[in-house]
Amino acid sequence: MFKKLPGDETRKLVSTTPDTAVVFRPVVVQTPAIVTIVILAWRVLAGLVRTVIVHPVAVAALVVPVTLTLLYGWRVALIVSTVLASLLIGWYLGDRESFTSCVGWRLLAFWRRIWIYRRHWQPVMVISGLGRHLRGRDYLPRLVRVECDSSADRVTVRMLSGQAVKDWTDRADHLAHGFGAPACRVTIARAGRLVLTFPRSDPLATPLPAVPVPASADVGPVEIGRCEDGTPWRLKVHGTHVLVAGATGAGKGSVIWSTVRALLPAVRAGLVELWALDPKLMELSYGRELFGHRYAATPEECADLLDEAVSVMQKRAARFAGVRRSHVPTVDDPFVLVIVDEVAFLTAYQPDRALRQRITAALATLTTQGRAVGVGVLAALQDPRKEVMNIRNLFPDKIALRLDESEQVDMVLGDGARDRGAHADLISPRPELGAGVGYVRLETSPEPVRVRAAYVSDTDIRAMVAARADWGEAA
Ligand SMILES: Nc1ncnc2c1ncn2[C@@H]1O[C@H](COP(=O)(O)OP(=O)(O)OP(=O)(O)O)[C@@H](O)[C@H]1O
C-alpha cells in the first residue's frame, strides 16, 4: 500500500485515509533535564571565559569594583576605584597614544560589541538573508570579535557552513545600514572567517598637506599620502609600473606630484631620473624644470622621448643579460621613471595613426620589459576602458581614484574589487572631500585599501623647482 523509501519507517505512520496526504508523527526524543542543564552551564562558562579573554580590560572594569564591594564594602570599592581612575586619567593625559591602544579602544570595542553588534545581530542577519530560520530555529553567523581603532570597527565573523564570501559582499549595504555605519568592507581573515570593517569616522575627509621632502635619497616605496587606518601610504614605483585612473578632477595630479616630491632627494643623488610626457600641457608643465631636457609635450616629442626610454632599456638589458636579474639604482644606471599625464591623449585620442601605434608599442615595450632593468612608467588616465587603454593590464599596480561608473572599478582594480568595498564611483566629486581619495591593492593583500594622496600645491611645486635650481647651480 505504501512505497517504503530508504529510511522511512511505516510504524511511524499514524493515520492515512484514501485521497488525503500521508500524515507522519515525528519521533519525540525526550532529553533528560540534566543533559540540558549541563549543556546550558557549559555554554555560559564558555561564554564567560571567551569574554574574559577577548575583553580583559572591560571585564576588570566591571568585576573589580563589584568584588571589592562584596568583600570589603562600598567605601573600599569607591576608594580603590577612585585611585585606579586617577591613575588611568594620569596615564591618558601623560601618554594618550599608549592609553588608547591599551585601554581606550578595548573599552570602546566591548561597548560597541554589546550595544551595536550583539543587539542588532539577529535582526540584521535574518533580514539581510545571511542568517537562516529553519524548523523554528535561527542559524546565525557567529560574531567572533569586535576591535576598534581611531576610525573604524573591525568585526570578525564566522560564516555559516556553505556560505560564500560573495553572499556577504553582496549584502555590504544591508550590513552598513543595519549597524548604522556609512559603509562596510568585507575581507577574508581565513577559511570560513571574515572581517567586516565599518568606518566610524573618515580620517581622509580633509585634504592632506604635501608630505615633507624626505631627508635621504630613497627609491623604495615612497610616502605619498595616508591610508584609511592612519598609516602612511607608500607607493612602490621602482620595480613596477603604476597606472592612476580617475575622472577629471579626481586628483591624479596629486599622486604624480607627491611621487615626484618623494623622489627628489634620489634625483639629486643621481639615483633617479624623471622623464615627463605632458600631452595636455597642463599638469607637468608647471614644474617642467624638474625634468630638465626629459620633458615632452607634443605627440611627436612624446614619441621620441618614449623611444629614447626604450633604447635606454634595451641597452641596459643587453649589458645586464647573464650578469644580474634585477636593477639596483646607481649613478651610472639610475632608475628612470617615465611619467605620462593623460596617456589616452597619446594612445587613443591621437589622430595620427602611425604616431599612435609607435607610442603604444613603445609603452607596451617599456611596461613588459622595463622593470627588471630600472625603467618604470607612472601613467595617469581618465577613462580606463579597454578601447581607450588596451595595454592597461601591462601595469602591475593600479590606483582607482574617483571613477564615473561602478563597472570601471573592476576594470582598474580587477574583478570583484568593487564587491570587496572599492567604491571608487562613490567618492565625492567635491575636491575638498574626494580629490586624491582612491583605492589601491597593496602587495601584501588582495583587499582594496582606501587611501588619500597628499595635495602638492602650486607653492609646493614652485619650492621644489627652486630647490632643484639651487642644487643644479651648486653642482
Ligand atoms: N590630494 C588632494 N587633496 C585635496 N584636493 C586636491 C587633491 N588633489 C587635487 N585636489 C584639488 O582637486 C582639483 C583637481 O585636481 P587635479 O587637477 O589633480 O585632478 P586631475 O585628476 O588631474 O584632473 P584632470 O584629469 O582634469 O587634469 C585641484 O585643482 C585641487 O584643487
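In what follows, the accompanying structure is described. Keep in mind it's a predicted model, so treat the numbers as computed, not measured.

### Here we look at the overall build of the chain
- A tally of regular secondary structure across the chain gives 13 helices and 18 strands.
- The C-alpha atoms of the chain give 30 Å as radius of gyration, which overshoots the globular expectation for 475 residues (23 Å, by more than 25%).
- For the chain, the spread of C-alpha atoms along the principal axes amounts to about 95 × 80 × 50 Å.
- Here the chain holds 475 residues, and 35% of them are scored as buried.
- Taking the intrachain contacts of the chain between residues at least 6 apart in sequence as the baseline, contacts between residues at least 24 apart amount to 66%.

### Focus on the pairing of strand 9 (residues 222–227)
- Counting buried positions over the 6 residues of strand 9 gives 5, a clear majority of the element.
- Pairing of strand 9 with strand 10 (residues 232–235) involves 4 bridges; the strand directions are antiparallel. Counted as the bridge partner of R226 is P232 from strand 10.
- The hairpin turn running from strand 9 into strand 10, its antiparallel successor, is 4 residues long, and G230 in that turn takes a positive phi close to 95°.
- Two strands pair when backbone bridges link them, and strand 9 and strand 18 (residues 448–453) are joined in this way by 3 bridges, in the antiparallel orientation. The partner of G225 across the bridge, within strand 18, is A453.

### Observations concerning the site of the ligand
- Around the ligand lies a shell of 16 residues, among which G251, G253, S254, A435 and G436 are the nearest.
- Counting residues per element, the shell around the ligand draws most heavily on helix 7 (residues 252–268), at 3 residues.
- Per-class residue counts for the shell around the ligand are 6 nonpolar, 8 polar and 2 charged.

### Looking at the nonpolar core
- The biggest cluster of nonpolar side chains holds 90 residues, and the ones touching the most others in it are L274, W275, A309, L337, V338, I339 and A400.
- Discounting residues that sit within four places of it in the chain, L337 has contacts with V237, L263, V272, L274, W275, G376 and L378.
- F110, V155, C184 and V186 belong to the second-largest nonpolar core, a separate cluster that totals 20 residues.

Here is what the cut-offs are and how they apply
Residues numbered from 1 in each chain as written. Predicted model: local features only at pLDDT ≥ 70, side-chain atom pairs only at ≥ 80, totals over all residues. Helix = DSSP H or I, 4+ residues; strand = E, 2+ residues; numbered from the N terminus. Rg over C-alpha atoms; globule rule 2.2 N^0.38 Å. Buried ≥ 20, exposed ≤ 12 C-beta atoms within 10 Å, placed from the backbone. Contact = placed C-beta atoms within 7 Å. Pairing = 2+ DSSP bridges. Near = placed C-beta within 6 Å. Nonpolar A, V, L, I, M, F, W, Y, C, P; charged D, E, K, R; others polar. Core = buried A, V, L, I, M, F, W, Y, C linked by C-beta atoms within 7 Å.

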